[in-house]
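Here's the letter readout for the chains.
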Amino acid sequence: MTTRDFNRFETLAVAEEEDGVLIVTLNRPEKRNALNAAGVEELVDLFSNAHRNGARAIVLAGAGNHFCAGLDLVEHHEADRSPAEFWQLCLRWHEAFNKMEYGGVPVIAALHGAVVGGGLELASAAHIRVADQTTYFALPEGQRGIFTGGGATIRVADLVGKARMIDMMLTGRVYQGQQAIDIGLAQYLVEGSSMDKAKELARHAAANLPLTNFAICSAISHMQNMSGLDAAYAEAVVAGVVNTQPAARERLEAFANKTAARIRPNKE
Ligand code: 1HE
């Protein structure tokens, strides 16, 4: 589906800001935004169509007091799925999260409250994660008698390393605050609202050229899957296309004629 009619979603609330930034909110706060099968399909739909629908950046958030409680455990329990059914379901989670990570549109996760299990798998597919003082991260799968199925073994292990991920799963360890930042679970920790900060970052990203953002938000992830030799070759090809795009000429001209802003250190 390519329509921009966002009313088709039942588990997501989608609002479009003037600058092409979409605010996508997981919208089952009464279930702590646990991901049911229908919700995963809506994420596939949204992220499959975001680039072609002209989204310049996406802020992903959760309604209520928590970002996302992970897999809908009650649906899973009641559905009494067969191994083959859960295999297929996990592939839909991967489809949704791969579309996020490789889809070419910057996704900034505005995190608060619980970011746990599949909720952390979802957050880890975003390009930028912003935590606030309420945000906490965990992988409770071990305690629930299950295993990750939405890409944590790839993305969470990438963020925090294999040993920390195994510890989180074996012991139920919870990370929050500066410690979560220090181990790589999020890039920003704010005193105020993670939504405000995520919107600010999304507006910055949306000001870049779309083709440049497309490369940043797809090529880097693809290159991580390649050998160093192939990644370098692919980088050259991507740079060949991006660095010669007609729309970049204006920005290069502005640098050359000294009207473009210079890069300076942050003010204290
Ligand atoms: C849910 C879920 C859920 C809440 N599936 N319904 N994830 C977890 O192991 C986390 C499970 N959830 C929790 O630990 C807590 O609910 C929270 C810390 C997230 C929030 O606590 P709280 O006190 O605000 O809410 P609550 O009272 O526990 O739950 C409120 C309602 O949300 C309640 O429903 P109600 O109908 O009785 O009101 C809960 O049942 C419902 N709810 N979390 C279904 N997860 C691809 S594999 C991925 C594997 C995983 O993600 S495993 C990790 C699962």
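Here, every reference points to the structure presented above.
Remember, it's a predicted structure, so these values are computed and weren't measured experimentally.

**Q** Explanation requested: the sheet that holds strand β6 (residues 128–131) in the structure shown.
**A** With mixed pairing, the six strands of this open sheet are ordered in space as β1-β2-β3-β4-β6-β9. On the outer flanks of this sheet lie β1 (12–16) and β9 (188–189), each paired with one strand and no other. Sheet topology places strand β4 (residues 107–110) next to β6; three bridges connect them, and they run parallel. Within β6, the residue paired with Ala110 across the bridge is Val130. This element, helix α1 (residues 37–49), spans β1, β2 (21–26), β3 (57–62) and β4 of the sheet and lies at about 20° to β1. Lying on the sheet, helix α9 (residues 194–206) is in contact with β2, β3, β4, β6 and β9; it crosses β3 at an angle near 165°.

**Q** What should I look at first to understand the packing of aromatic side chains in this one?
**A** Aromatic ring pairs are described here by two measures, namely the spacing of the ring centres and the angle between the planes. Following the criterion strictly, the structure yields one aromatic pair and no others. With centroids separated by 5.7 Å and ring planes inclined at 70°, the aromatic side chains of Trp93 and Phe97 adopt a geometry described as edge-to-face. Highlighted residues: Trp93 and Phe97, both in helix α3 (residues 83–102), separated by four residues, approximately one helical turn. The exposure class of Trp93 is buried, given its relative accessible area of 5%. Phe97 gets classed as buried once you look at its relative accessible area, which sits at 1%.

**Q** Whenever I open this one, the packing of helix α6 (residues 152–160) against helix α7 (residues 162–171) confuses me. Can you help?
**A** Packed helices, taken two at a time, are described by the angle between their axes plus the distance between the axes. Put simply, α6 and α7 touch, their axes get as near as 7 Å, and they point 115° apart. As for how α6 packs across α7, the hand of that crossing is right-handed. Between α6 and α7, the residues in contact are Ala152, Thr153, Val156, Ala157 and Val160 and Lys162, Arg164 and Met165, respectively. Its residues assigned to classes, the contact of α6 with α7 shows five nonpolar, one polar and two charged.

**Q** In this structure, what is going on with the sheet that holds strand β5 (residues 114–116)? I would like to understand it.
**A** Where strands meet in a sheet, backbone hydrogen bonds hold them as pairs that are either parallel or antiparallel. The three strands are arranged β5-β7-β8 in an open sheet whose pairing can be described as mixed. The sheet is open, and its two borders are formed by β5 and β8 (175–176), each paired with just one other strand. Pairing analysis gives two bridges linking strand β7 (residues 136–138) to β8, with the strands arranged antiparallel. Across the sheet, Phe137 pairs through a bridge with Tyr175, a residue of β8.

**Q** Could you clarify how one ought to interpret unusual backbone geometry in this entry?
**A** Only a minority of non-glycine residues have a phi that is not negative, and only a minority of peptide bonds are not trans. Even without being a glycine, Asn33 presents a positive backbone phi close to 60°. Even without being glycine, Asp80 reaches a positive phi, approximately 45°. Asp80 sits in the exposed class, given a relative accessible area of 66%.

**Q** Explanation requested: the site of the ligand in the structure shown.
**A** Contacts to the ligand come from 24 residues, most closely from Lys31, Ala69, Leu71, Gly118 and Arg144. One of the backbone nitrogen or oxygen atoms of Ala69 is found 2.7 Å away from a nitrogen atom of the ligand. A distance of 2.7 Å separates an oxygen atom of the ligand from a polar atom in the backbone of Gly118. Out of a free accessible area of 1000 Å², the ligand has 69% covered by protein chains.

**Q** Could you clarify how one ought to interpret the pairing of β3 in this entry?
**A** Side chains on a regular strand alternate between the two faces of the sheet. In terms of residue burial, β3 counts as a mostly covered element, since six of its six residues are buried. Burial along β3 is two-sided: the face carrying Ala57, Val59 and Ala61 and the face carrying Ile58, Leu60 and Gly62 are both buried. Where β2 and β3 come together, six bridges link them in parallel fashion. Paired with Val21 across the strands is Ala57, a residue of β3. At this point the chain moves from β2, through α1, to the parallel β3, and the crossover so formed is right-handed. Pairing of β3 with β4 involves three bridges; the strand directions are parallel. Opposite Ile58, over in β4, you have Val107 as the bridge partner.

Cut-offs applied
- For every chain, the first residue of the written sequence is number 1, and numbering continues from 1 onward in sequence order.
- Whole-chain, interface and lining totals are the exception, using all residues; otherwise, since this is a predicted model, local features are given only for residues with pLDDT of at least 70 and side-chain atom pairs are given and counted only at 80 or more.
- Side-chain metrics rest on all non-hydrogen atoms present in the structure, leaving aside hydrogens and water.
- Paired strands are those between which DSSP finds at least two bridges.
- Strands are runs of DSSP state E lasting at least 2 residues, helices are runs of H or I lasting at least 4, and numbering of each runs from the N terminus.
- Contacts were defined at the residue level, with two residues in contact if any of their heavy atoms lie within 4.5 Å.
- Here the axes come from fitting lines to C-alpha atoms, over the contacting stretch only for helices, and the angles between their N-to-C directions go from 0 to 180 degrees.
- Between 30 and 60 degrees the pair is tilted, below 30 it is stacked and above 60 it is edge-to-face, where a pair is any two Phe, Tyr or Trp rings, Trp via its six-membered ring, whose centres lie within 6.5 Å.
- A simple rule labels every residue: compare its accessible area, found with a 1.4 Å probe on the protein chains alone, to the largest value its type can have, and call it buried under 20%, exposed over 50%, or partly exposed in between.
- Should the near helix be turned anticlockwise from the far one by less than a right angle, the crossing is termed left-handed; should it be turned clockwise, right-handed.
- In the scheme used here, Gly and all other residues not listed as nonpolar or charged are polar, with Ala, Val, Leu, Ile, Met, Phe, Trp, Tyr, Cys and Pro taken as nonpolar and Asp, Glu, Lys and Arg as charged.
- Note on definitions. A residue lies near a molecule or strand when any single heavy atom of the residue is within 4 Å of it.
- Pairs of N or O atoms within 3.5 Å make up the polar contacts considered here, provided that, within protein, one atom can donate a hydrogen while the other can accept it, and that residues adjacent in sequence are counted only when both atoms are side-chain atoms.
- Only the protein chains shown count as cover for residues, and all accessible areas are computed by the Shrake-Rupley method using a 1.4 Å probe.
- The handedness of a crossover follows from its direction of travel: if, with the strands pointing away from the viewer, the path from the first strand over the helix to the second runs clockwise, the crossover is right-handed.

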